[in-house]
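What follows is the residue order along each chain.
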Amino acid sequence: DVKVTQSSRYLVKRTGEKVFLECVQDMDHENMFWYRQDPGLGLRLIYFSYDVKMKEKGDIPEGYSVSREKKERFSLILESASTNQTSMYLCASSLRRQETQYFGPGTRLLVL
Amino acid sequence: DQQVKQNSPSLSVQEGRISILNCDYTNSMFDYFLWYKKYPAEGPTFLISISSIKDKNEDGRFTVFLNKSAKHLSLHIVPSQPGDSAVYFCAASVNTGKLIFGQGTTLQVKP
């Protein structure tokens with residue numbers, strides 16, 4: 001079974017703090033993705049990566065950056081957290097581009 | 001610009017009956033469609049998919065129908081079970097692998 005793990009299930013941060021969300025997959029998948037889920041908006045793509053050290057902007061990249069130094073690990077960085085970044089963050093991976101994405105359990109982030 | 005829309009935020013059905021969840025899309029370039037199921041405090045799990053070259057795909061109790069001319073996708077669950085109660089997301093992609101998700105429909109199956 002594919003396993004995608006996220007470093008934290010719940011996080012509480014202060015406005016202006018730098019926040020790191022970590023995601024690790026154990027199936028040697030090429031592609032990794034970061035989404036946020038908000039009520040009434042579904043899942044929206046923040047950033048994705050097709051290979052190590054590669055990154056592509058998704059639909060809502062503003063206020064975020066990412067890092068992929070190793071194939072199995074994809075990090076989402078909030079340089080200066082703001083209250084409108086309070087959300088559920090979901091990481092996903094897929095073997096190839098047109099294949100099913102498998103999701104981690106999510107990190108619920110609250111920015112005060 | 002919402003390219004994938006699920007216009008029903010919620011649906012309630014009786015156990016044993018059919019659940020029909022609907023999804024509309026606007027981009028005719030989408031060539032792959034998926035349904036995901038999500039329980040509270042968990043990540044979405046893949047349910048079923050369909051390529052644009054097909055109009056139906058079936059997996060046990062779950063069937064997905066694709067009507068390309070109407071740009072409409074539906075998921076049928078027969079028979080519905082209480083454990084099917086969850087949020088269902090449809091998603092679509094072009095060959096880049098990027099998924100565009102709908103807003104989700106909360107299904108409640110009553111015993």
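Bear in mind the structure is a predicted one, so any value in this text is a computation, not a measurement.

### Quick look at the packing of aromatic side chains
Here is step 1: For the structure on display, the rule yields 14 aromatic pairs over all chains.
Here is step 2: Cluster of aromatic residues (ring-pair linked, three or more members): Phe33, Tyr35, Phe48, Tyr50 and Phe103 of chain A together with Tyr36, Phe46, Phe89 and Phe101 of chain B.

### Comments concerning a nonpolar patch on the surface
Here is step 1: Judged by side-chain polarity, Val12, Leu110 and Leu112 of chain A come together as a nonpolar surface patch covering roughly 260 Å² of accessible area.
Here is step 2: Looking at the element boundaries, Leu110 of chain A is found in strand E11 (residues 107-111).

### Topic: the sheet that holds strand E8 (residues 73-78) of chain A
All names here are of chain A.
Here is step 1: Here we have four strands laid out as an open sheet, ordered E1-E3-E8-E7, and antiparallel in their pairing. The sheet is open, and its two borders are formed by strand E1 (4-6) and strand E7 (64-70), each paired with just one other strand. Strand-to-strand, the axes of this sheet are offset by a mean angle of 20 degrees, without reference to chain direction.
Here is step 2: In this sheet, E8 lies alongside strand E3 (residues 19-25) in antiparallel orientation, the contact comprising six bridges. The residue bridging Glu22 from the neighbouring strand is Ser75, located in E8.

### Here's the deal with unusual backbone geometry
Among all residues save glycine, negative phi is the norm, and among peptide bonds the norm is trans.
Here is step 1: The omega torsion across Val78 of chain B and Pro79 of chain B is -10 degrees, close enough to zero to call that bond cis.
Here is step 2: Position of Pro79 of chain B among the secondary structure elements: in the loop between strand E8 (72-77) and strand E9 (86-93).
Here is step 3: With a phi close to 60 degrees, Asp28 of chain A is a non-glycine residue in the positive phi region.
Here is step 4: You can see Asp28 of chain A is positioned in the loop between E3 and strand E4 (31-38).
Here is step 5: Located in the positive-phi region is Ala41 of chain B, a residue other than glycine, with phi close to 65 degrees.
Here is step 6: Take Ala41 of chain B: it is sitting in the loop between strand E4 (32-38) and strand E5 (45-51).

### Quick look at the pattern of salt bridges
Residue and element names in this part refer to chain A.
Here is step 1: Tallied over the entire structure, the rule returns nine salt bridges over all chains.
Here is step 2: Between Lys18 and Glu79 there is a salt bridge, with its nearest N and O atoms 3.5 Å apart. Placement of Lys18 in the loop between strand E2 (10-13) and E3 and of Glu79 in the loop between E8 and strand E9 (87-94) is noted, with a sequence separation of 61 residues between them.
Here is step 3: With relative accessibility at 44%, the residue Lys18 sits in the partly exposed group.
Here is step 4: The salt bridge involving Asp38 is made with Arg44; its shortest N-O contact spans 2.9 Å.
Here is step 5: Among the charged side chains, a salt-bridge network with shared partners connects Arg36, Asp38 and Arg44.

### A short note on the interface of chain A and chain B
Interface size is often expressed as the accessible area that is lost when the parts come together.
Here is step 1: Contacts between the two partners involve 22 residues from chain A and, on the opposite side, 22 residues from chain B.
Here is step 2: Interface area for chain A against chain B, summed over the two sides, is near 1700 Å², with a carbon-plus-sulfur share of 54%.
Here is step 3: Broken down residue by residue, the surface that chain A buries against chain B is led by Leu43, Gln98 and Thr100 of chain A, which jointly contribute 31%.
Here is step 4: At the boundary of chain A with chain B, the tally comes to one salt bridge.
Here is step 5: Among the salt bridges present, the one from Asp59 of chain A reaches Lys98 of chain B, with a minimum N-O distance of 3.6 Å.
Here is step 6: Every element with two or more residues in the side of chain A that touches chain B is listed here: E4, strand E5 (42-49) and E9 of chain A.

### Some points on the layout of surface pockets
Residues and elements named next belong to chain B.
Here is step 1: Estimated volume of the largest pocket: approximately 370 Å³.
Here is step 2: Of all the elements, E9 adds the most residues to the lining of the largest pocket, at three residues.
Here is step 3: Each residue belonging to the lining of the largest pocket can be placed in one class, and the counts come to nine nonpolar, 11 polar and three charged.

### What about the state of the cysteines?
Here is step 1: For the coordinates displayed, the defined rule picks out two disulfides over all chains.
Here is step 2: Paired through a disulfide, Cys23 of chain A and Cys91 of chain A show a sulfur-sulfur distance of 1.9 Å. Between Cys23 of chain A and Cys91 of chain A the disulfide shows an S-S torsion of about -80 degrees. By sign, it is left-handed. With Cys23 of chain A in strand E3 and Cys91 of chain A in strand E9, this pair connects stretches of sequence that are 68 residues apart.
Here is step 3: Covalent S-S linkage joins Cys23 of chain B and Cys90 of chain B, the inter-sulfur distance amounting to 1.9 Å. Every disulfide takes its handedness from the sign of the S-S torsion; for Cys23 of chain B and Cys90 of chain B that torsion is 65 degrees, giving right-handed. With Cys23 of chain B in strand E3 (residues 19-25) and Cys90 of chain B in strand E9, the pair connects residues that are 67 residues apart, well separated along the chain.
Here is step 4: Using a relative accessible area of 2% as the deciding quantity, one classes Cys23 of chain B as buried.

How each quantity is defined
- Within every chain, residues take consecutive numbers counted from 1 along the sequence as written.
- Think of it this way: whatever chain is written first is A, whatever ligand is written first is 1, and the rest follow in order.
- Selection of residues for local features in this predicted model requires a pLDDT of at least 70, selection of side-chain atom pairs for listing and counting requires 80 or more, and totals for whole chains, interfaces and linings are taken over all residues.
- Hydrogens and water are ignored here; the side-chain numbers use all heavy atoms of the structure.
- Under the pairing criterion, centres of Phe, Tyr and Trp rings, with the six-membered ring standing for Trp, must be within 6.5 Å; the plane angle then separates stacked pairs below 30 degrees from edge-to-face pairs above 60, leaving the rest tilted.
- What makes a patch is a set of residues exposed beyond 30% relative accessible area and free of salt bridges, joined within 9 Å when like-charged and within 5 Å when nonpolar (Val, Leu, Ile, Met, Phe, Trp, Tyr).
- Under the convention used here, a 1.4 Å probe and the Shrake-Rupley method define accessible areas, while residue burial counts only the protein chains that appear.
- Only one rule defines a salt bridge in this text: a Lys or Arg side-chain nitrogen within 4 Å of an Asp or Glu carboxyl oxygen.
- Each helix is a run of DSSP H or I of at least 4 residues and each strand a run of E of at least 2, with the numbering of both proceeding from the N terminus.
- Strands qualify as paired when DSSP identifies two bridges or more between them.
- Interaxial angle, 0 to 180 degrees, is taken between N-to-C directions of lines fitted to C-alpha atoms, where a helix line uses only the stretch in contact.
- Here the term buried applies to any residue with accessible area under 20% of the maximum for its type, exposed to any over 50%, and partly exposed to those in between, with areas from a 1.4 Å probe on protein chains only.
- It only takes one pair of heavy atoms within 4.5 Å for two residues to be counted as in contact.
- Using a 1.4 Å probe, buried area is obtained as the accessible area two parts lose upon being combined, added over both of them.
- The pocket and cavity definitions rest on a 1 Å grid over protein atoms only: a 1.4 Å probe that fits but cannot leave marks a cavity, an open set with protein on both sides within 12 Å along at least five of seven lines marks a pocket, and residues lining either have an atom within 4 Å of a point.
- Grid points are joined across faces, edges and corners, and a volume is the space filled by probe spheres set on the points.
- Basically, the charged four are Asp, Glu, Lys and Arg, the nonpolar ten are Ala, Val, Leu, Ile, Met, Phe, Trp, Tyr, Cys and Pro, and anything else, Gly included, counts as polar.
- Note on terminology: pairs of cysteine sulfur atoms within 2.5 Å are recorded as disulfides.

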